[in-house]
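Survey of secondary and tertiary structure
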Amino acid sequence: MRILFMAAAALLPLAVHAQHGSSASSNMTLLGHEPLQGRSAYQPLVRENQGRWIAYIGHHGGKNLNPVSGQMEDNGTSIVDVTDPRKPRLVAHIPGEPGEGESGGAQMVRVCNGAELPKADKSKVYLLRTFGNLGHEVWDVTTPEKPSKVVTVVDGLKGTHKNWWECDTGIAYLVSGEPTWRIRRMTQVFDLSDPAHPRFIRNFGLVGQQPGATGPVPTELHGPISTGPKGNRIYFGYGTNKSGVMQIVDRQKLLAGPAEPTPANLLAPQVGRLDLNGNNGAHTALPVMGMTVPEFAKDKDAGKRNIIVVVDEELANECQEPRQFVWMVDATDEQKPVVISTFNVPESSGNFCSRGGRFGSHSSNENQPPMYYGKYVFVAWFNAGVRAIDISDPYHPREAGFFIPATTDKTDKRCIKTESGESRCKVAIQTNNLDVDDRGFIYAVDRANTGLHILEFKR
């Protein structure tokens, strides 16, 4: 393994122990950085747009000056040209819902080319985004410098979050808070094959979340990942940091089944389910199908496994809750998925609990280009930066690299209450979410206003 040090050091642990304000890395190189106007960032997504590579970045609430427009704008969606990853360039910002933190902004983005969508204008590029917690919108981003709104898909909601949009079919699984449901986040399924004319299909969630149910309400949805018509499965993650549920759903049964949210109709598409304990959640459920485990290659099944990489989200600062990490789940027998291993970043490798902010996992990449599929996943680990995980043997995942960004003058502080009741605050990196483009570059954004980091992984 090649080891690259961004701080003076002779041993790997010393690189991890980089001084405050400096970066540290192993097998990853920082190619470019875009400050994103000092906005707190949630979700990056990178797609090719008519020969250009464009990063679309969803933000938490807040308000900052947009130098492109010269106006103070509520945090929303930043559009960055990353065709040259060493020279990222902000080209536009679409304002979001007024408000702070999780109560404003436009956290989530998905993008489809019209040429992919069955009924869309083939010359267009479309962006699906949340508008705060109130609704979901589609924008025309064919010319990234001049985004224009196409339609509001649905509004009047009490919550939104991490959607999924199938570009080959147009089916969108929207994380919503439908007002009559008992939970802040469930699924609304829409046909957006013609983005200008959304068609509602059905509402979906766990039994007990639906209108009219009684008793305890199951943990809320975080987000789904669909394998489309070919894979015919959707993997739902519920419960970010506690009482997690990874649910496997038959896509066709979900789309074609009766829409009335009765217990029987909600259970009908479910193929399998894994319930985690009360201390851990299921933020992201990433399917990695058809892996071959070398150890079992001579066995009758030739070592073929279907693996789900389940990632929790740490919510509390300075280790004030149980640790969240990565679960490797064998779902070859879909009805009875089982945890086969875990991955964690050792706290002692960087004294992360005392660095400030959150320490623990958040989410993995969801796009899996061929150079990484079945070999590596990349996970945002808050103040421990980006972690590259070798999953080629899913029974023994191991770290293959990392990058911890440097703080800047824009990096915000994170606070906890001490035993005396006073607040203690520290400036800390909070790598929040990441994406991998089809060229293999890694894009990580920071929750504490430090911007976008573009990385190259040295395999």
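Residues numbered from 1 in each chain as written. Predicted model: local features only at pLDDT ≥ 70, side-chain atom pairs only at ≥ 80, totals over all residues. Heavy atoms only, no water.

Before going further, it helps to spend a moment on the packing of aromatic side chains. Taken as a whole and assessed by the stated rule, the structure comprises 12 aromatic pairs. Plain terms: the ring middles of Tyr372 and Phe457 are 6.2 Å apart, the flat faces sit at 55° to each other, and that makes the pair tilted. Highlighted residues: Tyr372 in the loop between β26 (359-364) and β27 (376-382) and Phe457 in strand β34 (residues 452-457), separated in sequence by 85 residues. An identical accessibility class is assigned to Tyr372 and Phe457; each is buried. Ring geometry for Tyr376 against Phe457: centres 5.0 Å apart, planes inclined by 75°, an arrangement best described as edge-to-face. Here Tyr376 is found in strand β27, whereas its partner Phe457 is found in strand β34, with 81 residues between them in sequence. Residue class for Tyr376 comes out buried when judged on its relative accessible area of 17%. Connected via pairs of aromatic rings, a cluster forms that spans Tyr372, Tyr376, Phe378 and Phe457. (Phe/Tyr/Trp six-rings, centres within 6.5 Å; stacked < 30°, edge-to-face > 60°. Helix = DSSP H or I, 4+ residues; strand = E, 2+ residues; numbered from the N terminus. Buried < 20%, exposed > 50% of the residue type's maximum accessible area, 1.4 Å probe, protein only.)

Glancing now at the sheet that holds strand β16 (residues 186-191). Strands in a sheet are paired, the pairing made by backbone hydrogen bonds, and the direction either parallel or antiparallel. One open sheet accounts for 4 strands, arranged β14-β15-β16-β17; its pairing is antiparallel. The two strands at the open ends of the sheet, each matched to only one other strand, are β14 (164-165) and β17 (199-204). (Pairing = 2+ DSSP bridges.)

A few words on the pairing of β27. Across the 7 residues that make up β27, a large majority, 7, are buried. By the alternation rule, side chains of β27 split into Tyr376, Phe378, Ala380 and Phe382 and Val377, Val379 and Trp381, which are all buried. Sheet analysis places β26 next to β27, joined by 3 bridges and oriented antiparallel. Each residue of the ladder has a partner; that of Ser364, found in β27, is Val379. Where β27 lies against strand β28 (residues 386-390), 5 bridges are found, and the strand directions are antiparallel. Bridging across to β28, Val379 finds its partner in Arg387. Here β27 hands over to β28 after 3 residues, with Gly385 in that stretch at a positive phi of 70°.

Tracing the backbone shows Arg355 in the loop between β25 (338-343) and β26. Under the relative-accessibility criterion, Arg355 is labelled partly exposed at 22%. For Arg355, the side chain forms a polar contact with the main-chain oxygen of Gly350, separated by 3.0 Å. (Polar contact = N/O pair within 3.5 Å; in protein donor to acceptor, adjacent residues only side chain to side chain.)

What the rule picks out here adds up to 3 disulfides. The partner cysteine of Cys112 in its disulfide is Cys167, sulfur to sulfur 2.0 Å. The sign of the -85° torsion about the S-S bond sets the Cys112-Cys167 disulfide as left-handed. Of this pair, Cys112 sits in strand β10 (residues 109-113) while Cys167 is found in the loop between β14 and β15 (171-176), placing the two residues 55 residues apart along the sequence. For Cys112, a relative accessible area of 0% translates into the label buried. Between Cys319 and Cys353 runs a disulfide, and the two sulfur atoms are separated by 1.9 Å. On the S-S bond that ties Cys319 to Cys353, the torsion sits near -90°, and the link is left-handed. (Disulfide = S-S within 2.5 Å.)

Here the chain averages 94 in pLDDT, and 96% of its residues register 70 or above. Considering only residues more than four positions removed or in separate chains, one finds that residues 1-20, a stretch of pLDDT under 50, has 48 contacts. (pLDDT = per-residue confidence, 0-100. Contact = heavy atoms within 4.5 Å.)

Moving on, we come to the sheet that holds strand β13 (residues 148-154). Here 4 strands make up an open sheet; going across it, the order is β10-β11-β12-β13 and the pairing antiparallel. At either end of the open sheet lies a strand with only one pairing partner, and these are β10 and β13. When the angles between neighbouring strand axes are averaged without regard to direction, this sheet yields 25°. In this sheet, strand β12 (residues 135-140) lies alongside strand β11 (residues 125-131) in antiparallel orientation, the contact comprising 6 bridges. Among the inter-strand pairings, Leu128 is bridged to a residue of β12, identified as Val138. (Axes fitted to C-alpha atoms, helices over the stretch in contact; angles between N-to-C directions.)

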